[in-house]
Each structure stands twice: as C-alpha cells, then as structure tokens.
Amino acid sequence: MVSSMDTAGAVDTLETTASNSVDSAAAQSSPVENRMTTRNVNLWYGEKQALFDVDLDVPDRQVTALIGPSGCGKSTFLRCLNRMNDTIDICRVEGDIRLDNVDIYDKTVDVVQLRARVGMVFQKPNPFPKSIYDNIAYGPSIHGLAADKADMDEIVETSLKGAGLWDEVKDRLSEPGNGLSGGQQQRLCIARAIAVSPEVILMDEPCSALDPIATAHIEELIDELRQNFTIAIVTHNMQQAARVSQKTAFFHLGKLIEHNDTDQIFTNPRESMTQDYITGRFG
Ligand SMILES: Nc1ncnc2c1ncn2[C@@H]1O[C@H](COP(=O)(O)OP(=O)(O)OP(=O)(O)O)[C@@H](O)[C@H]1O
Ligand SMILES: [Mg+2]
C-alpha cells in the first residue's frame, strides 16, 4: 500500500530486518534514543487527506502524549505506528515510519510480529470473551512465548502484577474477563498488551470510559510502565497529559503543530495555537 516507504532507506532496512534481530543489533551499536520516528507521514482516507507531513520522534521509555481537538488525526496517527490502519481499505499511508530504525512498512516486516512489539490499548476496554487467565495467555501462546504451563502461569502472573491487577483477580483467574469492572477491564487489557513483552504501547484515550479513581489508577500505572516500555497516549484531558507524559505533541487539522517537552508545552508553548488549545480557547 505504500510507495515511498518501500524505497526510503530500503537498503539499511533489509540489512537490519534480517531474522527480526534488529533491536538487539541496533541497541548494541548505539543506544536507542528514539524508539520510533516518523518522517513526512501523509495519510488519506479515500480522497480525503487526514495527516500532513507529520515528523515525530517517540523517545525510548518515556510517555509521549498526543493532544488536539476532535478529528485532528490523533487516533489516525497512533494507528500508523503499528499499522492498524492497514485494516481500513480506503486508507493510504506515505512517508517513513521506523521502529528501532527499521521501516515498519517494509515488505519484509511481519505485521503480526510488529503488533506484538507495538501493542495497543483502546478507548473502550475490550477483553476477549474468555477467562481472565486466557485473556493474558492468548498472545503469548500465539507467539510461542511459554515453554509449558508453569511458564505461562508465570507470564500471566507477571503481566497482571505489571498492570496492578493481580491482587484483585488472583483468586478468580478462570472467571470471564468481561465480568470485571470497567477500570479492572482496562487494566486487564493493559496486562494483555504487556504479556507479549512489547517495546511500545499505544493507548488511545485509555481512561475516557473510566471514573476518576480508576483513571488515577491507570495514570499511576502508566508512570510505572514507562520504566520498561515506551508509551504513546492520546488524551483529551490536559491535566492527564501534563501529569503522565514527558513529551507532548499537539495536532491540529492533521498537522503536527508543536512537539516538545511536556513542561515546555504547558508553560511556554511556541505556537499561539497550542496556547489557545491548552487553555481551552478552542477544541
Ligand atoms: N475509518 C475512517 N474512514 C474515513 N475517515 C476517517 C476514518 N477514521 C478517521 N477518519 C477521518 O480522519 C480524520 C481524523 O480522525 P481521527 O479519528 O484520527 O481524529 P482524532 O483526533 O482521533 O479525533 P477524536 O479526538 O474525536 O478521537 C477525521 O476527519 C475523520 O473523520
Ligand atoms: Mg481519536
């Protein structure tokens, strides 16, 4: 589906994608500062262009918040990062999007593998219609990450602990995941995302369906997760962006208007449009 991406940097891509061992090779030669980079990303739904020349760096083990008014392209951009837009027939992407300096749209890239490395948590918690245990075990089992049952038990426990849910569910692992409260279901989805040891976790308004207590819980969790994972989060809540992120990217009408340290964006933005948005003058 992509034209310019097939050629841009194809040579080094081919060299480094061989056998999926890019990450370790890249990490050894030079420390990865930016887990993901995008350059000149343009995207169309049919005739309608939804993203314009988006250049963004997503730094390793930090939280990057994507903010901007409804319809500005935040979800669209987020979905470019793990090729979820591939599932939309009329969607066409151009540009260069890299994970650990490898073009994720290169034809040698296995999309299933990519989505294990760049996981996603959606706005509405969406547990599988399975038990709590099986919700977590599903991904690791598909990707062959557990040698035996004991191994899988450990992955399930570690993931649920990582998502701050273990104590609440350890005695009911065989009960259905969708029997949990909304906030617990969202943590279950986060546990499911981390169970396959992704490098990056994309979150599209993960708290918008949650009450303030569940939201606070998820925000604390995001802060802990960034020790081990790189996170990009879409949020409409300015306080949340300011609390959880280290970098903030402000989008407007499909363009990335400003991207900087979160402190800077919220105290001294460069663009007046950013100032107007964060102070609630539009959006
Ligand atoms: N599947 C799709 N088919 C056609 N157009 C789409 C599709 N998804 C999004 N769009 C359009 O692309 C633009 C960006 O939408 P997107 O959902 O990315 O915005 P957003 O910033 O996430 O908005 P919100 O804050 O409301 O979630 C909008 O004009 C939207 O109508
Ligand atoms: Mg959206």
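The preceding data block contains the structure.
Here is a short report on the structure shown in this document.

Cut-offs and rules
Residues numbered from 1 in each chain as written. Chains lettered and ligands numbered in written order. Predicted model: local features only at pLDDT ≥ 70, side-chain atom pairs only at ≥ 80, totals over all residues. Near = placed C-beta within 6 Å. Helix = DSSP H or I, 4+ residues; strand = E, 2+ residues; numbered from the N terminus. Nonpolar A, V, L, I, M, F, W, Y, C, P; charged D, E, K, R; others polar. Axes fitted to C-alpha atoms, helices over the stretch in contact; angles between N-to-C directions. Parallel < 35°, antiparallel > 145°, perpendicular 65-115°, else oblique. Left-handed = near helix turned anticlockwise from the far one by under 90°. Contact = placed C-beta atoms within 7 Å. Expected span 1.5 Å × (residues − 1). Buried ≥ 20, exposed ≤ 12 C-beta atoms within 10 Å, placed from the backbone.

What follows deals with the site of ligand 1. Close to ligand 1 lie Tyr-45, Ala-50, Gly-68, Ser-70, Gly-71, Cys-72, Gly-73, Lys-74, Ser-75, Thr-76 and Ile-88. Sorting elements by how many residues they give to the shell around ligand 1 places helix H4 (residues 74-80) first, with three residues. Across the shell around ligand 1, the residue classes tally to four nonpolar, six polar and one charged.

A word on the packing of helix H6 (residues 132-142) against helix H9 (residues 182-194). Two numbers describe how H6 lies on H9: the axes approach to 7 Å, and their chain directions differ by 30 degrees. As judged from the angle between their axes, H6 and H9 are roughly parallel. Crossing hand, H6 versus H9: right-handed. Together, Ile-132, Asn-135, Ile-136 and Gly-139 of H6 and Leu-188, Ala-191 and Arg-192 of H9 make up the contact between the two elements. In terms of residue class, the contact of H6 with H9 is built from four nonpolar, two polar and one charged.

Okay, H9 next. The end-to-end C-alpha separation of H9 is 19 Å, in line with the 18 Å expected for 13 residues at 1.5 Å each. Counting buried positions over the 13 residues of H9 gives twelve, a clear majority of the element. Listed in full, the buried residues belonging to H9 are Gly-183, Gln-184, Gln-185, Gln-186, Arg-187, Leu-188, Cys-189, Ile-190, Ala-191, Arg-192, Ala-193 and Ile-194. Along its buried surface, H9 packs onto strand S6 (118-121), H6, helix H7 (149-162), helix H8 (166-169), strand S7 (200-204) and helix H10 (212-225).

Fair warning: the whole summary comes from geometry, so function is off the table for now.
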